[in-house]
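# Reading the structure
The residues making up each chain are set out below.
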Amino acid sequence: MKLRRQKHWLVGLTASITMSLSLMATADTTRAFIPMGMADSVGVIDLESRQMTSSMSGTVNTHGSALTPDGRYLVAGSLTAHESEKPVSRPEGVTEDEHAAHHGGGAATASEETNTGRLYVMDTATNSISRTLEVPGPVHHVLVTSDGRYAVSTHPMGGGISVVDLDSGKQFKSVATGPAPNYVVETEGGQSLLVSNSGNGTISEVDTTHWFVKRNLRIGGGPEHMVLAPDNERLYVNDVASGQVSVVELASGAVAATYEVGEEPHGVGLSNDGQILFATSKGSNRIVRIELDTGDRHSAPLAPAPYHLAVSPHGGQLLVTSRAESKLWVLEPDSLDIIDEVPLKGIGHQISLGFQ
């Protein structure tokens with residue numbers, strides 16, 4: 001009996017060690033999560049093998065995405081308007097019978113339905129939707145705050161951002177920023193969010209303690225995608241109107257420099273050391289590399305329509321989707337040569353990077 005117990009204990013220990021080694025082997029695997037728009041799914045790319053290993057289904061027209069800090073969940077936003085799942089409220093002074101009669105027994109007419117947006121909270125271990133959250137309008141881009149508490153969405157048709165508490169799943173705040181808000185980034189330390197308003201050429205700085213706009217930076221043009229320098233001193237903003245990337249000094253709010261990118265600039269990113277700026281030009285079919293210390297500019301053709309961009313931890317390789325074809329390019333960051341092309345199942349949008 002004692003020998004049998006020892007044998008069972010050894011089998012259990014062996015299984016435990018095997019599982020631990022398996023987890024250690026996969027712990028450093030970097031993955032890219034790419035919403036694929038009207039393909040109604042999110043692709044999962046293994047960046048070591050440079051292959052799409054799986055996909056997350058059940059979404060509708062996802063465009064924005066962001067991972068929670070622990071990588072456990074991906075929050076993806078739908079750019080399609082949805083009918084509200086909340087019941088139509090009864091106006092003050094109207095009885096329940098009158099309200100029911102007006103709506104034909106309680107059902108709202110199509111013209112009275114409220115269009116809302118959706119956030120999908122997706123489990124990255126199972127590739128399944130954990131929760132679906134309602135937000136006030138179609139979602140363009142998404143950010144999860146560095147403390148993991150909130151999911152922030154930009155609403156291009158709503159003129160602001162919404163803030164959802166990820167614990168409760170309920171909207172916590174709504175902040176008006178400006179017409180056609182596009183992108184949002186968080187300052188290091190999490191004291192502020194910066195929102196690009198492409199409709200009036202401004203950047204709104206939102207205080208995350210009291211949730212209000214504490215200043216608007218007028219930079220002109222049509223600001224869209226942004227990336228923040230590691231020291232919080234400079235913000236790099238693409239301007240679709242001028243075909244440039246503007247360098248905004250956050251202390252003064254002034255545009256300190258501009259870099260030529262090409263027609264319809266879209267994705268922007270910084271090297272892991274913050275010394276090199278990368279940008280895509282959809283209209284000119286180019287990828288651009290700029291040395292920030294010297295201003296030296298190098299570009300390479302990339303067609304068709306290079307779109308969203310992210311910088312991988314794997315040697316700083318560049319990940320770029322195409323707006324015209326269902327694929328992801330992997331580029332060498334110094335030469336801008338194409339290392340690989342990864343087929344996707346749809347057009348790739350806001351790329352999120354995480355660890356398995």
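Residues numbered from 1 in each chain as written. Predicted model: local features only at pLDDT ≥ 70, side-chain atom pairs only at ≥ 80, totals over all residues. Heavy atoms only, no water.

### Here we look at the sheet that holds strand S20 (residues 254–260)
- In space, the four strands of this open sheet follow the order S17-S18-S19-S20, with antiparallel pairing throughout. Bordering the open sheet on either side are strand S17 (223–228) and S20, each of which pairs with just one other strand. Strand after strand, the sheet turns through a mean of 25° between neighbouring axes, direction not considered.
- Bridging between strand S18 (residues 234–239) and strand S19 (residues 244–249) involves six bridges; their strand directions are antiparallel. Within the sheet, the bridge partner assigned to Tyr-236 lies in S19 and is Val-247. (Pairing = 2+ DSSP bridges. Helix = DSSP H or I, 4+ residues; strand = E, 2+ residues; numbered from the N terminus. Axes fitted to C-alpha atoms, helices over the stretch in contact; angles between N-to-C directions.)

### Considerations on the layout of surface pockets
- The computed volume of the largest pocket comes to approximately 1,300 Å³.
- Taken together, the elements giving at least two residues each to the lining of the largest pocket come down to strand S4 (62–67), strand S9 (142–144), strand S13 (181–186), S17, strand S21 (265–270), strand S25 (306–311) and strand S29 (352–355).
- In terms of residue class, the lining of the largest pocket is made up of 23 nonpolar, 17 polar and two charged. (1 Å grid on protein atoms, 1.4 Å probe; cavity = no way out; pocket = protein on both sides within 12 Å on 5 of 7 lines; lining within 4 Å. Points joined across faces, edges and corners; volume = space filled by probe spheres on them. Nonpolar A, V, L, I, M, F, W, Y, C, P; charged D, E, K, R; others polar.)

### Regarding the side chain of Ser-196
- Note that Ser-196 resides in strand S14 (residues 192–197).
- Beyond its immediate stretch of four places on either side in the chain, Ser-196 contacts Ala-180, Pro-181, Asn-182, Tyr-183, Thr-202, Ile-203, Pro-223, Glu-224 and Met-226. (Contact = heavy atoms within 4.5 Å.)

### Observations regarding the nonpolar core
- Within the largest apolar cluster, 14 residues are counted, with the highest numbers of intra-cluster contacts made by Tyr-236, Val-245, Leu-277 and Leu-292.
- At the level of elements, S19, S21, strand S22 (276–281) and strand S23 (286–291) are the ones that each hand at least two residues to this core.
- When neighbours within four sequence positions are excluded, Tyr-236 is seen to be in contact with His-225, Met-226, Val-227, Ala-229, Val-245, Ser-246, Val-247, Val-268, Leu-270, Leu-277 and Leu-292. (Core = buried A, V, L, I, M, F, W, Y, C linked by side-chain atoms within 4.5 Å. Buried < 20%, exposed > 50% of the residue type's maximum accessible area, 1.4 Å probe, protein only.)

### Observations regarding the pattern of salt bridges
- As enumerated under the stated definition, the model contains 10 salt bridges in all.
- With its nearest N and O atoms 3.1 Å apart, the salt bridge here joins Asp-334 to Arg-289. Of this pair, Asp-334 sits in the loop between strand S27 (327–331) and strand S28 (338–343) while Arg-289 sits in strand S23; the two residues are 45 residues apart in sequence, bridging distant segments of the chain.
- Lys-327 is the salt-bridge partner of Glu-325, the closest N and O atoms lying 3.2 Å from each other.
- Counted as one network, the salt bridges with shared partners bring together Glu-205, Lys-214 and Arg-215. (Salt bridge = Lys/Arg side-chain N within 4 Å of Asp/Glu carboxyl O.)

### Description of the sheet that holds S28
- Ordered by their spatial adjacency, four strands build an open sheet running S25-S26-S27-S28, and the pairing between neighbours is antiparallel. Two strands close off the open sheet at either side, each with one partner strand: S25 and S28. On average, adjacent strands in this sheet sit at an angle of 25° to one another, irrespective of strand direction.
- Bridge count between S27 and S28: five bridges; the pairing is antiparallel. When the sheet's bridge partners are listed, Leu-331 is paired in S28 with Ile-338.

### Topic: unusual backbone geometry
- Following Ala-303, the chain continues into Pro-304 via a peptide bond in cis, with omega recorded as 5°.
- When you line up the elements, Pro-304 lands in the loop between strand S24 (297–301) and S25.
- Although it is not a glycine, Asn-127 sits at a positive phi angle of roughly 60°.
- Structurally, Asn-127 can be placed in the loop between strand S7 (115–123) and strand S8 (128–135).
- Backbone geometry at Glu-264 places phi at a positive 50°, although glycine is not the residue there.
- Along the polypeptide, Glu-264 turns up in the loop between S20 and S21.

### Notes on the side chain of Gln-317
- By the element assignment, Gln-317 lies in the loop between S25 and strand S26 (318–322).
- Each residue touching Gln-317, except ones within four places of it in the same chain, is listed here: Arg-50, Ala-310, Val-311, Ser-312, Val-330, Leu-331, Pro-333 and Ile-339.

### Looking at the environment of Thr-177
- In this fold, Thr-177 is placed in the loop between strand S12 (170–176) and S13.
- Along the backbone, Thr-177 and Val-213 are 36 residues apart, and their C-alpha atoms lie at a distance of 6.9 Å.
- Residue contacts for Thr-177: discarding those within four places in its chain leaves Gly-159, Gly-160, Val-195, Asn-197, Ser-204, Val-206, Val-213 and Asn-216.
- At 2.9 Å, the side chain of Thr-177 forms a polar contact with the side chain of Asn-197. (Polar contact = N/O pair within 3.5 Å; in protein donor to acceptor, adjacent residues only side chain to side chain.)

All we've got here are geometric facts, nothing functional implied.
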